[in-house]
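# Analysis of the macromolecular model
Residue strings, one per chain:
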Number of protein chains: 2
Amino acid sequence: MGRALAQAAVDLGHDVVVVSGPVDVTYPEAATVRAVVTTDELLAACAETFPHCDGLIAAAAPCDYRPVRVARDKMSKTGAPIELRLVETPDVVATLAAAKTHQWIVGFALETEDPRYRALVKLERKQCDLMVSNGPKAMHAIDNEVELIDPSGAVVGAFAGPKEVVAAEILAVIQQRLVVASRGTPTWTASRRRV
Amino acid sequence: MGRALAQAAVDLGHDVVVVSGPVDVTYPEAATVRAVVTTDELLAACAETFPHCDGLIAAAAPCDYRPVRVARDKMSKTGAPIELRLVETPDVVATLAAAKTHQWIVGFALETEDPRYRALVKLERKQCDLMVSNGPKAMHAIDNEVELIDPSGAVVGAFAGPKEVVAAEILAVIQQRLVVASRGTPTWTASRRRV
């Protein structure tokens, strides 16, 4: 989905920076790709890039937890159970949102229960301008099925189909509601916006 | 490595059954592939197939642990740490070895400390006829570097290079020391052996 969104943004003439975890995906050549591994690295790279951007589409699914202790060597089995102590990683979108100046933010929510309600709660907590709600069927799939939810809780778009098509639809809504709006007047300019 | 070993065994004229976890690998067309996900499923599929085989090459790296409880729905963050309780999965090779009749077994060991010593301990615990010792550099790599250890602890082969080449070398040793030996006389027959 990240690749499809990057391509759709490139197609609209935006300068695109992709901050990506270690996934087996080929991003558009026109995009600048910053590779990260951990959620902490994702936040650091985004915090560096975000001030120079006009908007953020947060489609990554970073790890919500990290182990407190990481073994340096391979652990041998002992026959006994093990307890893995995990602590939460930072909330990347909420952290960036707290520092936003003029940027619009589009979040992604993947929930298995009450998806529409939870997407709105997420939108508020992460101060997003739009939340894209999709389900677990989105993972490792060709197709996706999404609802776009605005800050009032209204469903302002519902798209299904190949991820490339869904991404183009999402970008069209972003373009109309956020990019054009943030320019003050709805006139198109030749200047490229950084997403 | 599993794909390369399957290909090398096919090349030697063996009937090959691959029991494979969910990996992004294309196995040789001549091989029968049985797809599994969990370590329990791996053991079940192998236990069914093993009695009809002449040998086992155990190159899979199944999960050593499984969570005691699996959430049905996506868990929401609460701000608090979580404790993941994990218990050991069954030892697939040791379980098969305990039921072996005439089969030879080649195990794989990937250790980061004392690899040669630990490979021998593993060979004994899992009743293997040979143990292939390789390191963490083998993972997601084109090349591999292995040592073959026999039940006396002797290093009877050391190969490095592309996995296809290393697999062919390993199969050559297996062919000479285990397949031919298990036929009683070192004469080659046209009959295909099941691996």
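Residues numbered from 1 in each chain as written. Chains lettered and ligands numbered in written order. Predicted model: local features only at pLDDT ≥ 70, side-chain atom pairs only at ≥ 80, totals over all residues. Heavy atoms only, no water.

### Observations concerning the interface of chain B and chain A
- Between chain B and chain A, the residue contacts involve 27 residues of the former and 27 residues of the latter.
- Of the roughly 2,500 Å² buried between chain B and chain A, counting both surfaces, carbon and sulfur atoms make up 43%.
- On the chain B side of the contact with chain A, Lys74(B), Lys77(B) and Ile82(B) bury the most area, a combined 26% of that side's loss.
- Counting the contacts that link chain B with chain A gives two salt bridges.
- Across the pair Arg85(A) and Glu83(B) runs a salt bridge, and its minimum N-O distance is 2.6 Å.
- Between chain B and chain A we count 17 residue pairs in polar contact (both at pLDDT 80 or more) in total.
- Those elements that place two or more of their residues in the side of chain B that touches chain A are β5 (82-88) and α4 (115-125) of chain B. (Contact = heavy atoms within 4.5 Å. Buried area = accessible area lost by both parts, 1.4 Å probe. Salt bridge = Lys/Arg side-chain N within 4 Å of Asp/Glu carboxyl O. Polar contact = N/O pair within 3.5 Å; in protein donor to acceptor, adjacent residues only side chain to side chain. Helix = DSSP H or I, 4+ residues; strand = E, 2+ residues; numbered from the N terminus.)

### Focus: the state of the cysteines
Residue and element names in this part refer to chain B.
- Counted under the stated rule, the structure contains zero disulfides over all chains.
- Between Cys-46, a cysteine without a disulfide, and Cys-53, which holds the nearest cysteine sulfur, the sulfur-to-sulfur distance is 8.8 Å.
- Accessibility expressed as a relative area gives 11% for Cys-46, which makes it buried.
- A relative accessible area of 5% places Cys-53 in the buried class. (Disulfide = S-S within 2.5 Å. Buried < 20%, exposed > 50% of the residue type's maximum accessible area, 1.4 Å probe, protein only.)

### Some thoughts on the environment of Thr101(A)
All names here are of chain A.
- Structurally, the position occupied by Thr-101 is in the loop between α3 (92-98) and β6 (104-110).
- Among the residues examined, Thr-101 registers a relative accessible area of 68% and is labelled exposed.
- Each C-alpha atom of the pair Thr-101 and Glu-147 lies 27 Å from the other, and the pair is 46 residues apart in sequence.

### Section: the relation of the copies chain B and chain A
- Overlaying chain B with chain A gives an RMSD of 0.0 Å, the required rotation being 180° about an axis along which the chain moves by 0.0 Å. Both copies of the chain, as the preceding transformation shows, are related through a two-fold rotation axis. Measuring from the rotation axis to each C-alpha of chain B, the shortest distance belongs to Leu84(B), at 2.4 Å. (Least-squares fit on C-alpha atoms with pLDDT ≥ 70 in both.)

### Let's talk about helix α2 (residues 39-49) of chain A
- All of the buried residues along α2(A) are Thr39(A), Leu42(A), Leu43(A), Ala45(A), Cys46(A) and Thr49(A).
- Residues of α2(A) that are buried in the fold lie against β1 (17-20), β2 (32-35) and α3 of chain A.

### Focus: helix α4 (residues 115-125) of chain A
All names here are of chain A.
- Along α4, the residues classified as buried are Ala-119, Lys-122 and Leu-123. Buried residues of α4 fall within an arc of 105° about the axis and therefore sit on the same side. Summarising the geometry of α4, the exposed residues directed more than 90 degrees from the buried face are Tyr-117 and Glu-124.
- Looking at the buried side of α4, the elements it contacts are β6, β7 (130-134) and β8 (143-149).
- Where α4 ends, the next residue or the one after it, Gln-127, has phi of about 50°, a positive value. (Arc of directions from axis to C-beta.)

### Section: the sheet that holds strand β8 (residues 143-149) of chain B
All names here are of chain B.
- Judged by pairing direction, the sheet is mixed, and its five strands sit side by side in the order β3-β6-β7-β8-β9 without closing on themselves. Each edge of the open sheet carries a strand with a single partner, namely β3 (55-58) and β9 (155-162). On average, adjacent strands in this sheet sit at an angle of 15° to one another, irrespective of strand direction.
- Bridge count between β3 and strand β6 (residues 104-110): four bridges; the pairing is parallel. Residue Ala-58 lies in a different strand from β6, and its bridge partner there is Gly-107.
- Sheet contacts for α4: β6, β7 (130-134), β8 and β9; angle to β7, the most-contacted strand, approximately 145°. (Pairing = 2+ DSSP bridges. Axes fitted to C-alpha atoms, helices over the stretch in contact; angles between N-to-C directions.)

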